[in-house]
Amino acid sequence: METKKKKIAIVHHPGFAAEAVVSRLGALSAEFVWQPQPAVHMLGRNTPDEETVYDYLLGRTEQGKKHHPDGVVVLVSATGLERQLYLASQVIDLRLPTVIALTDLEVAAQKGLTVNPPKMAEHIGIAVQPLQSHPGKSAEVLVETVSDAFANKEPKKMIHWRPPIALADAYNHLDNGWIYKHIRLHKGARLLEGLRLISVPKAIDDFSELPEHEALVQHLEEAREIISTRKENWALTEVLQRNNFISQLVATATQRVEVAPDGGFWTRIIDRMRPGVN
């Protein structure tokens, strides 16, 4: 009997040659089906591509079937950590087996930024695997890292970026009062959907056709009131707290050094004119 291949979603920001990465990985492993997703900046419903990726990771399909990928590889460039780790943090919240493939380490080093993948992994709670730009051993190690991620089905922590108490209380109120009863999603997906409902004003429109819509409106108003009464902004608190977590992560896992500027053509000409310089 043929073993069913595991489906691994490749999630990434715009600018990645995801197909090239998939080609390298596919040549190394027959255990997985690598599925590159449309490039997105975040998980949500602001664009058709965001909606496609979000629904797939949550396990929604046009036929109404509930099937999410078996795991996720998030491509993150070392040259754009703070922007791209926002997307990665959202994927991690889904509690699917997830690995970050860290690219462009050489380019970052040339710009004076050294990234420490083990420190990043310790801080964020999942495996972070460097993926070098040239073909070689790193792609093989990434495949092994993805395989190992299935041995530990879930990250150690539920919400890695530790939302403020007001936001956590608001989410729990909405989840216990409405989401858990009316949306058939696994726990991590309910978390991300609940945070989206709280912080995105028009997110509630996605459920306008449900008979329980009025109950959702009531619970959502109550959830936002929990945040407002504690003098926080319900539309901004998640973004700000998530970004604070990412800033701490980058500060912990990176080191920046000054790179001597290249003097350019004329500097090289002058150097060659010095005695003893060829």
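Look up a bit, the structure's there.
Keep in mind that this is a model prediction, so the values were computed, not measured.

K.L.:
Just checking my understanding: could you explain the packing of helix 7 (residues 165-182) against helix 9 (residues 213-228) for this structure?
P.N.:
Two quantities define a packed helix pair, namely the angle between the axes and the distance from one axis to the other. Between helix 7 and helix 9, the shortest axis-to-axis distance is 8 Å and the interhelical angle comes to 165 degrees. Regarding the angle of helix 7 to helix 9, the classification is roughly antiparallel. Once helix 7 is placed against helix 9, the crossing between them reads as right-handed. Residue-level inspection shows Ala166, Leu167, Asp169, Ala170, His173, Leu174, Gly177 and Trp178 of helix 7 in contact with helix 9, the latter providing Ala215, Leu216, His219, Leu220, Glu222, Ala223, Ile226 and Ile227. Of the residues that constitute the contact of helix 7 with helix 9, the class distribution is eleven nonpolar, three polar and two charged.

K.L.:
When you look at helix 3 (residues 81-93) in this model, what are you seeing that I'm missing?
P.N.:
Residues spaced three or four apart along an α-helix point in a common direction, a consequence of the helix completing one turn every 3.6 residues. In this model, helix 3 (13 residues) spans 18 Å end to end at C-alpha, consistent with the 18 Å of a helix rising 1.5 Å per residue. A large share of helix 3 lies buried, amounting to eleven of its 13 residues. Those residues of helix 3 lying buried are Leu81, Gln84, Leu85, Tyr86, Leu87, Ala88, Ser89, Gln90, Val91, Ile92 and Asp93. Arg95 occupies a position one or two residues after helix 3 and carries a positive phi of about 65 degrees.

K.L.:
Even after reading the chapter, I still don't get unusual backbone geometry, so can you show me in this structure?
P.N.:
Backbone geometry follows two general trends: most residues other than glycine have a negative phi, and most peptide bonds adopt the trans configuration. If you check the backbone angles, Arg95 has positive phi at about 65 degrees while not being a glycine. Note that Arg95 resides in the loop between helix 3 and strand 4 (98-103). A positive phi angle is found at Asp104, which is not glycine, with a value near 60 degrees. Within the secondary structure, Asp104 sits in the loop between strand 4 and helix 4 (105-110).

K.L.:
What exactly am I supposed to notice about the sheet that holds strand 1 (residues 6-12) here?
P.N.:
Paired through their backbone hydrogen bonds, the strands of a sheet run either parallel or antiparallel. Taken in spatial order, the five strands make up an open sheet running 2-1-3-4-6, and their pairing is parallel. The open sheet has two free edges, formed respectively by strand 2 (32-36) and strand 6 (127-130), since each of these has just one partner strand. Here the average twist between neighbouring strands, direction ignored, is 25 degrees. Judged from the five bridges that link them, strand 1 and strand 2 form a sheet pairing that is parallel. Note that in strand 2 the partner of Lys7 across the bridge is Val33. Along the sheet, helix 1 (residues 18-26) makes contact with strand 1, strand 2 and strand 3 (71-77), crossing strand 2 at roughly 175 degrees. Sheet contacts for helix 2 (residues 48-58): strand 1, strand 2 and strand 3; angle to strand 1, the most-contacted strand, approximately 145 degrees.

Thresholds applied
Residues numbered from 1 in each chain as written. Predicted model: local features only at pLDDT ≥ 70, side-chain atom pairs only at ≥ 80, totals over all residues. Heavy atoms only, no water. Axes fitted to C-alpha atoms, helices over the stretch in contact; angles between N-to-C directions. Helix = DSSP H or I, 4+ residues; strand = E, 2+ residues; numbered from the N terminus. Parallel < 35°, antiparallel > 145°, perpendicular 65-115°, else oblique. Left-handed = near helix turned anticlockwise from the far one by under 90°. Contact = heavy atoms within 4.5 Å. Nonpolar A, V, L, I, M, F, W, Y, C, P; charged D, E, K, R; others polar. Expected span 1.5 Å × (residues − 1). Buried < 20%, exposed > 50% of the residue type's maximum accessible area, 1.4 Å probe, protein only. Pairing = 2+ DSSP bridges.

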